[in-house]
Structure formats: structure tokens, C-alpha cells
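Chain residues, written in single-letter form:
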Amino acid sequence: MTSSKTLYEGKAKKIIIGPKKNTLIQIFKDDATAYNKKKHKIFKGKGVINNKISEYIMEFLKSKKIPTHFEKRLNDREQLIKKCQIIPIEFVVRNVIAGSIAKKLGLKEGTKLKKPLLEYYYKEDSLDDPMISRDHVETFGWANRSELKKIDAMSLKINSLLTNLFKKKNIILVDFKIEFGRLASNPKKIVLADEISPDSCRLWDIKSKQKLDKDVFRRNLGSLMGAYEEVASRLGIVH
Ligand code: UDP
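Caption draft 1: Quick look at the environment of K83. Within the fold, K83 resides in the loop between β7 (78-82) and β8 (84-86). Residue classification places K83 among the partly exposed positions, given a relative accessible area of 38%. Sequence-wise, K83 and L61 are 22 residues apart; in three dimensions their C-alpha atoms are separated by 18 Å. Filtering out sequence-adjacent residues up to four positions away, K83 remains in contact with N22, T23, L24, R182, L183 and A184.

This is the structure we're talking about:
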């Protein structure tokens, strides 16, 4: 594994300086956390599988003309990415009611939404990532109106592309969280950043509605690695 100074260490990933100007290396760890780190466990091999699933999804999205920070997977745990300034917002897209929205609004988990719902959360662990409005994003300068317009459109496009991709694998894309950044080499350019994996999506088997994502860990529903391997295998990723 590449050894270099850590620029950032998060719950499930670590970022180090890349080999060339304006590049970074994103390293996938085996840690799983939930409820703002109140629950934590290490799953041997989770980082390897998420690295490959996220690579697959980023490559798929790139092939559909979505700009991303992803360059290439370097090895089992590391990806070469373009350096960007992360916009401190978690963009959540929902197709089916689950998780926090079910709890907050007293809605029945599993209810299909008439159209995708886009939500914004301010990325700040010390505040438990509070939900915010579009106006908050602009008022506090986390992104400007034109950036938000681009991000909203990209988020909905990503949702539609991934919904169809997973549907072909008999998986419902219930919801997911994505992040965006401004390229260090060209800050006007907004790209999809971070990762897309079962850590950041809700994925249900189309028939049984079995959960194939981090809810297995959050809710103690059985084997997390079994669920992630099932997703990788349905996507045709040899693990
Ligand atoms: N999510 C995430 N990171 C977060 C919060 C949410 O990846 O810090 C993902 C989560 O896995 C789910 C979606 O965003 O796919 C919506 O999450 P929700 O708001 O329901 O919160 P949860 O109850 O999962 O914390």
C-alpha cells in the first residue's frame, strides 16, 4: 500500500497526496460506523469490496458523461482521484421512504415516492449533519445558485442512471448520498466526488426487499459482508 502523509481521515476512508499535481489517493478502510460514530465495527475486506463497487459505479457514470473525480483504481484499497474542494453538503436522493425520513416524518418505510426527492444535509459531525434547505446552502455560501442548479440536475441524472442500472440487477435503489467538489485545477468545474457504495446507498432486493447495504450493520440484520458481496456479484464484479 502507498505510504504517505494523511491529508484527511474519515470514518471509512483516508486521503493522501497523489503522485502528480492536483491528484490524491483515496484509501478505503474496513471500518463501518453508524449513528454519527456511536456504533463502530471493523469488517475485514469491506474496504476492498467498496473500492471495487465504487470504481464500477464511477466508471459507469463517467461512461454516461457525468463528470467525476475518479481517475482509476490503483489496487485493492486505493483509487487515484482528481483533487477537489469538497462542497460541505451531503446530497441525498430518495426514491422510496426509508431511514431518517421515515422516522422524522412518521412515514411508512417502503412507500414509493411519486418522484425523486432531493435533500441537503450540512456536513458537520459535531452537529450530527443537520438537514438544511437550498436557501441555507446559498445564504451561508457553501455553494452558489448556479453550482446548486448544476448539482441538482446531476443528482437527478445520477439517480435515474443508477436506478436503471440496479433495476437490471434486480435491486431497488431506495436512496443514496453523494458529494460534489470543485476541481482544484479548474474550480468552476463541479464533479461528483467521494464514493458510491453500499455504505452510502440503500439497496433492496427487488422481490424479497432484503437489505443489501449498511442497514444490515445499522440494524443488526445479519452478514454485512454477505450483503456487499451479493451487490458486487450482481454487478458482475469479481471479488
Ligand atoms: N447516508 C450516508 N452518509 C450519511 C448519512 C446518510 O451515506 O452520513 C446515506 C444512507 O446510507 C442512505 C441515505 O444517505 O442511503 C439516506 O440516509 P438517511 O437520511 O435515511 O439517514 P440514516 O438514517 O441512514 O442515517
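Caption draft 2: Representation of unusual backbone geometry within the structure. Look at N22: it is not a glycine, yet its phi comes out positive at around 60°. When you line up the elements, N22 lands in the loop between β2 (13-17) and β3 (23-28). Taking relative accessible area as the criterion, N22 reaches 26% and is therefore assigned partly exposed. For K65, which is not glycine, the phi torsion reads 75° and is therefore positive. Checked against the element boundaries, K65 lands in the loop between α1 (46-63) and β6 (70-73).

Caption draft 3: Summary view of the pattern of salt bridges. As enumerated under the stated definition, the model contains 25 salt bridges in all. As a salt-bridge pair, K13 and D194 come within 2.9 Å of each other at their nearest N and O atoms. Taken together, the positions of K13 in strand β2 and D194 in the loop between β13 (186-193) and β14 (201-205) put the pair 181 residues apart, joining distant regions of the chain. Both residues of the pair, K13 and D194, count as buried. Across the salt bridge formed by R73 and E55, the nearest N and O atoms sit 2.7 Å from each other. Remark: E55 occurs in helix α1 and R73 occurs in strand β6; sequence separation between them is 18 residues. Exposure remark for R73: the relative accessible area of 28% places this residue in the partly exposed category.

Caption draft 4: Spotlight on the pairing of strand β5 (residues 39-42). As judged from the 4 bridges shared by strand β4 (residues 31-34) and β5, these two strands associate in the antiparallel manner. Note that in β5 the partner of A32 across the bridge is K41. Between the end of β4 and the start of β5, which pair antiparallel, lie 4 residues, with Y35 showing a positive phi angle near 50°.

Scoring rules and cut-offs
- Residues numbered from 1 in each chain as written.
- Predicted model: local features only at pLDDT ≥ 70, side-chain atom pairs only at ≥ 80, totals over all residues.
- Heavy atoms only, no water.
- Helix = DSSP H or I, 4+ residues; strand = E, 2+ residues; numbered from the N terminus.
- Buried < 20%, exposed > 50% of the residue type's maximum accessible area, 1.4 Å probe, protein only.
- Contact = heavy atoms within 4.5 Å.
- Salt bridge = Lys/Arg side-chain N within 4 Å of Asp/Glu carboxyl O.
- Pairing = 2+ DSSP bridges.

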